[in-house]
Amino acid sequence: QVQLVESGGGLAQAGGSLSLSCVASSKRTFTNYGLGWFRQAPGKEREFVAGISSNGAMTFYGDSIKGRFTVSRNNAENTVYLQMNSLKPEDTATYYCASSQASNTRWVPADADTYYFWGQGTQVTVSS
């Protein structure tokens, strides 16, 4: 079925920027549903980062983001992006993109259980 592949992770200094991408293998599955970004650091719970509706009209962000990140999508390219600015060491984590298979009326952006397909993750490390 659908595959999600993240890229763009790496090293950044505090205050710097990184841009993550996630490409889906199935256009039909990708374009019909909301997408989410989650992250998980060692010893911490999985955390909601950002979500975006199927047409990109609605975006949602976790409390830790506070305007520093921007999620966007290009359905023609089957791609969702996460632009991360003003990075902090606390942002260090493995970042995962996920595709919901629920309708927008049932989609809960911050609820990991809403998502059926997950990428393999990309590591983001922010140094002090």
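About the thresholds
- Residues numbered from 1 in each chain as written.
- Predicted model: local features only at pLDDT ≥ 70, side-chain atom pairs only at ≥ 80, totals over all residues.
- Heavy atoms only, no water.
- Helix = DSSP H or I, 4+ residues; strand = E, 2+ residues; numbered from the N terminus.
- Rg over C-alpha atoms; globule rule 2.2 N^0.38 Å.
- Buried < 20%, exposed > 50% of the residue type's maximum accessible area, 1.4 Å probe, protein only.
- Contact = heavy atoms within 4.5 Å.
- Lys, Arg positive; Asp, Glu negative; His and termini not counted.
- Charge placed at Lys NZ, Arg CZ, Asp CG, Glu CD.
- Disulfide = S-S within 2.5 Å.
- Polar contact = N/O pair within 3.5 Å; in protein donor to acceptor, adjacent residues only side chain to side chain.

Engineer: Whenever I open this one, the overall build of the protein confuses me. Can you help?
Structural biologist: Scanning the protein from terminus to terminus reveals one helix and 11 strands. Tracing the protein from N to C terminus, the helices and strands come up as β-β-β-α-β-β-β-β-β-β-β-β. Relative to the globule expectation of 14 Å for 128 residues, the C-alpha radius of gyration of the protein, 14 Å, shows essentially globular dimensions. Seen through its principal axes, the protein has C-alpha atoms that stretch 40 × 25 × 25 Å. The buried share of the protein, taken over its 128 residues, is 45%. Long-range contacts, defined as pairs at least 24 residues apart, comprise 57% of the intrachain contacts of the protein with a sequence gap of at least 6. Side-chain charges in the protein split into 10 positive and 9 negative, and the spacing between the mean points of these groups amounts to 5 Å.

Engineer: What is the right way to read the state of the cysteines from this model?
Structural biologist: This structure, assessed with the given rule, holds one disulfide. Sulfur-sulfur distance for the disulfide between Cys22 and Cys97 comes to 1.8 Å. Here the disulfide of Cys22 and Cys97 is right-handed, its torsion about the S-S bond being about 45°. Taken together, the residues span a long stretch of sequence, with Cys22 in strand 3 (residues 18–24) and Cys97 in strand 9 (residues 93–100) at a distance of 75 residues. Each member of the pair, Cys22 as well as Cys97, carries the same accessibility label: buried.

Engineer: Mind showing me how you'd approach the environment of Thr59 here?
Structural biologist: Along the chain, Thr59 turns up in strand 6 (residues 59–61). For the pair formed by Thr59 and Pro109, sequence separation is 50 residues and the distance between their alpha carbons is 8.8 Å. In this structure, Thr59 is in contact with Gly51, Ile52 and Val71, ignoring residues within four places of it in sequence.

Engineer: Explain the side chain of Thr114 here, please?
Structural biologist: On the secondary structure map, Thr114 appears in the loop between strand 9 and strand 10 (115–118). Taking the relative accessible area as the measure of exposure, Thr114 reaches 7% and is therefore buried. From its side chain, Thr114 meets the backbone oxygen of Val108 in a polar contact 3.2 Å long. In this structure, Thr114 is in contact with Ser100, Gln101, Ala102, Trp107 and Val108, ignoring residues within four places of it in sequence.

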